[in-house]
Amino acid sequence: MREQRWLRIIPVALIMYTISYVDRTNISLTLDPTISSMMKDLLMDDRLKGQAAGVFFLGYVLLQLPGVYLASHWSARKVISIFLVAWGICAMACGLVKTFWQFEIARFMLGVAESGVFPATTVLLANWFPRSERARANGYWNLCQPLAIVASAPLTTGLLGYAGWQRTLMLEGALPFIWLPIWWFCIRDHPREAKWISKEEREYLEKTLDKEASLLEPPKGTPLMSKLANPSLPVMVMIYFLHNCAAYGCMTFLTSTLKGRDFSKAQYGILFAIPYAVTAAIMIINSWHSDKTRERRGHVAAVYLLSGTCLILSVNLRNHFWLSYGLMCLAIPGPFAAMAPFWAVPSETMPKAALGLVVGIVNAFGNLGGFAGPFIAGWLSKETGNIAASFTVLGAGMLVAAGLAFRLPKAVAVTTVAATTTLSHEPAAKSVT
């Protein structure tokens, strides 16, 4: 069993979603007045800066549920293909604006255009990776977030200096059109549709996934709303809201912690990228260990606790720049490193019929934190004249999220699933949890 899906599904999905995160990275750099003239050109202060970065997430709510429904009942591959075209158009439109309100509208529409991609990809991965592999699959896929920043931050700062903010947004906004044909020809919705997968692996996956789904199904005739009547759902929404407050509040105002040091634009780009390179390493370790120990809640809580503690210490030690910066490098990874075990929880505890809807609800309302975080950080920064109060509030939110993580449900135990055929170089029986 060659398990080619790890080399076929994950890289293509990772790069697809990395492109969407380029649109979130470049706005953080474009809105820094030491790097770009955008704030001056569009007459923005810190409050409007936070609003401009966060309005994306108001649009991000709108098509979450329709997107996940179509992915579950029609085709995740086709749904994401449509969204690739839509967000490419909207991303390029952000570079054509002349006023602040035009930019607000373009960013809002970009959020709408990307809103169904995350839940649709979650459905796709659940169709390909059993529970014993799911945290790693989610973790590798979600590497797109720090990798997008590490790869694009130096490039974006260079483009901003050479081409200006409008051309930079248009050039980077065209990336979805380049990746669309690769996505279309490489991805299939289910193992049974893929000609490149071996018969042994196909049979193993179908039997394992069916077995896992059957253990979570409620009695026949149970209404859908009863399936969703789970006390963990509001807990997941609150955790993910606080998670996104910290992730995007820090991303938008990270460059504010670098001010007053006379760094060049290139140095700004590198210093902005380093915490996200650390993030990628911590994400891999946390997702690997979560699958190895078959534990989710503690792995979510641990990285949230690390993030909140280091974020608060970082801004309170800001007079010691390199110590503060080192703590920030440990604070940034928390929300991202939690994603793999966090998103493994609903797929391991919810019936298959309700999974897509649960993911859509949590992602939709939780991502409102992507608006609240930058907005609150911008407002507090304007009121206090520095970023310390903003990051302290975001860090406190991470500590609350760490406590709430222990309210998440535990997975149902799954027995060994035996394959009917002997594989070429490993035993036919596999144990999954």
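K.L.:
Describe the layout of surface pockets, listing the residues and the values that go with them.
P.N.:
Reported here for the second largest pocket is a volume of approximately 330 Å³. What lines the second largest pocket is a set of 17 residues, among which Ser-256, Thr-257, Leu-258, Arg-318 and Ile-387 lie closest to the centre. In terms of residues, the lining of the second largest pocket owes the most to one element, helix 15 (residues 321-331), which gives four residues. Residues that form the lining of the second largest pocket fall into these classes: seven nonpolar, seven polar and three charged.

K.L.:
Describe in detail the packing of aromatic side chains, supporting the description with residues and values.
P.N.:
Per the stated rule, a full pass over the model turns up 22 aromatic pairs. Ring plane angle 55° and centroid distance 6.0 Å describe the contact between Tyr-17 and Phe-118, whose orientation is recorded as tilted. Pair noted here: Tyr-17 is in helix 1 (residues 5-30) and Phe-118 is in helix 6 (residues 117-126), with a separation of 101 residues, a long-range link. Taken individually, Tyr-17 and Phe-118 each receive the classification buried, so the pair is uniform in this respect. Relative to Phe-336, the ring of Tyr-276 lies with its centre 5.9 Å away and its plane at 75°, an arrangement referred to as edge-to-face.

K.L.:
Provide a residue-level description of a nonpolar patch on the surface, including the pertinent values.
P.N.:
A cluster of nonpolar side chains, Tyr-69, Leu-70, Trp-74 and Ile-82, forms an exposed patch at the surface whose accessible area comes to about 440 Å². Mapped onto the elements, Tyr-69 comes out in helix 4 (residues 64-93).

K.L.:
Requested: an account of the side chain of Thr-157, with residues and values cited.
P.N.:
Take Thr-157: it is sitting in helix 8 (residues 144-173). Judged by relative accessible area, which is 3%, Thr-157 ranks as buried. If sequence neighbours within four positions are ignored, Thr-157 has contacts with Leu-29, Ile-35, Lys-265 and Gly-269.

K.L.:
Account for the packing of helix 12 (residues 232-253) against helix 17 (residues 339-349), naming residues and giving values.
P.N.:
A packed helix pair is summarised by two numbers, namely the angle formed by the two axes and the spacing between the axes. Two elements in contact, helix 12 and helix 17, have axes whose closest approach is 12 Å; the angle formed by their N-to-C orientations is 160°. For the element pair helix 12 / helix 17, the angle class is roughly antiparallel. By crossing handedness, the relation of helix 12 to helix 17 is classed as left-handed. Taking contact as the criterion, the partners of Met-236, Ile-239, Tyr-240 and His-243 in helix 12 are, on helix 17, Met-339, Phe-342, Trp-343 and Pro-346. Among the residues making up the contact of helix 12 with helix 17, the classes are represented as seven nonpolar, one polar and no charged.

K.L.:
Outline helix 9 (residues 175-186), supporting the account with residue identities and numerical values.
P.N.:
Given a rise of 1.5 Å per residue, twelve residues ought to cover 16 Å, and the 17 Å separating the end C-alpha atoms of helix 9 matches this to within 8%. When we look at burial in helix 9, the residues that qualify are Pro-176, Trp-179 and Trp-183. Buried residues of helix 9, seen end-on, are gathered within an arc of 70° and therefore sit on one face of the element. Along helix 9, the residues that are exposed and aim more than 90 degrees away from the buried face are Ile-178 and Phe-185.

K.L.:
Describe the pattern of salt bridges, with residues and values.
P.N.:
Under the defined criterion, the tally for this structure stands at five salt bridges. The salt bridge partner of Asp-45 is Lys-382, with a shortest N-O separation of 3.1 Å. With Asp-45 in the loop between helix 2 (38-41) and helix 3 (46-59) and Lys-382 in helix 19 (residues 369-384), the pair connects residues that are 337 residues apart, well separated along the chain. We classify Lys-382 as partly exposed; its relative accessible area is 44%. Notably, a salt bridge pairs Asp-291 with Arg-296, separated by 3.0 Å at the nearest N-O pair.

K.L.:
Which residues make up the packing of helix 4 against helix 6, and what values do they have?
P.N.:
Their axes nearest at 8 Å, the elements helix 4 and helix 6 cross at an angle of 125°. As the angle between them shows, helix 4 and helix 6 are arranged oblique. At the point where helix 4 passes helix 6, the crossing takes the left-handed sense. Contact with helix 4, carried on its side by Gln-64, Val-68, Ala-71, Ser-72, Ala-76, Val-79, Ile-80, Phe-83 and Trp-87, involves Val-117, Pro-119, Ala-120, Thr-121, Val-123 and Leu-124 of helix 6 and no other residues of that element. Here the contact of helix 4 with helix 6 is composed, by residue class, of twelve nonpolar, three polar and no charged.

K.L.:
Tell me about the side chain of Asn-363, residues and numbers included.
P.N.:
Along the chain, Asn-363 falls in helix 18 (residues 352-366). On the basis of relative accessible area, Asn-363 is assigned to the buried category, the value being 1%. Apart from the residues within four sequence positions on either side, Asn-363 is in contact with Tyr-60, Gln-64, Phe-118, Pro-119, Tyr-240 and Trp-343.

K.L.:
So what's going on with unusual backbone geometry? Which residues, and what values?
P.N.:
Unlike most non-glycine residues, Leu-43 shows phi in positive territory, near 55°. Note on placement: Leu-43 falls in the loop between helix 2 and helix 3. On the accessibility criterion, Leu-43 (71% relative accessible area) is exposed. The backbone of Arg-294 sits at a positive phi, close to 55°, despite the residue not being glycine. Turning to its location among the elements, Arg-294 is positioned in the loop between helix 13 (265-293) and helix 14 (297-316). We classify Arg-294 as partly exposed; its relative accessible area is 43%.

K.L.:
I'd like a description of the confidence of the model for the protein chain, backed by residues and values.
P.N.:
Overall, the predicted model of the protein chain reaches an average pLDDT of 82, with 89% of residues at or above 70. The low-confidence segment residues 415-433 (pLDDT under 50) makes 42 contacts with residues lying over four places distant or belonging to another chain.

K.L.:
Mind laying out helix 13, listing which residues take part and the relevant values?
P.N.:
Over its 29 residues, helix 13 extends 43 Å from the first C-alpha to the last, a length consistent with the 42 Å expected when each residue adds 1.5 Å. At Ile-274, helix 13 shows its largest bend, some 25°, and a proline, Pro-275, comes one to four positions later. Arg-294 occupies a position one or two residues after helix 13 and carries a positive phi of about 55°.

The rules we used
- Residues numbered from 1 in each chain as written.
- Predicted model: local features only at pLDDT ≥ 70, side-chain atom pairs only at ≥ 80, totals over all residues.
- Heavy atoms only, no water.
- 1 Å grid on protein atoms, 1.4 Å probe; cavity = no way out; pocket = protein on both sides within 12 Å on 5 of 7 lines; lining within 4 Å.
- Points joined across faces, edges and corners; volume = space filled by probe spheres on them.
- Helix = DSSP H or I, 4+ residues; strand = E, 2+ residues; numbered from the N terminus.
- Nonpolar A, V, L, I, M, F, W, Y, C, P; charged D, E, K, R; others polar.
- Phe/Tyr/Trp six-rings, centres within 6.5 Å; stacked < 30°, edge-to-face > 60°.
- Buried < 20%, exposed > 50% of the residue type's maximum accessible area, 1.4 Å probe, protein only.
- Patch = residues over 30% accessible without salt bridge, like charges linked within 9 Å, V, L, I, M, F, W, Y side chains within 5 Å.
- Areas by Shrake-Rupley, 256 points an atom, 1.4 Å probe, with all protein chains shown as cover.
- Salt bridge = Lys/Arg side-chain N within 4 Å of Asp/Glu carboxyl O.
- Contact = heavy atoms within 4.5 Å.
- Axes fitted to C-alpha atoms, helices over the stretch in contact; angles between N-to-C directions.
- Parallel < 35°, antiparallel > 145°, perpendicular 65-115°, else oblique.
- Left-handed = near helix turned anticlockwise from the far one by under 90°.
- Expected span 1.5 Å × (residues − 1).
- Arc of directions from axis to C-beta.
- pLDDT = per-residue confidence, 0-100.
- Bend = angle between axes of the 7 residues up to and from the residue.

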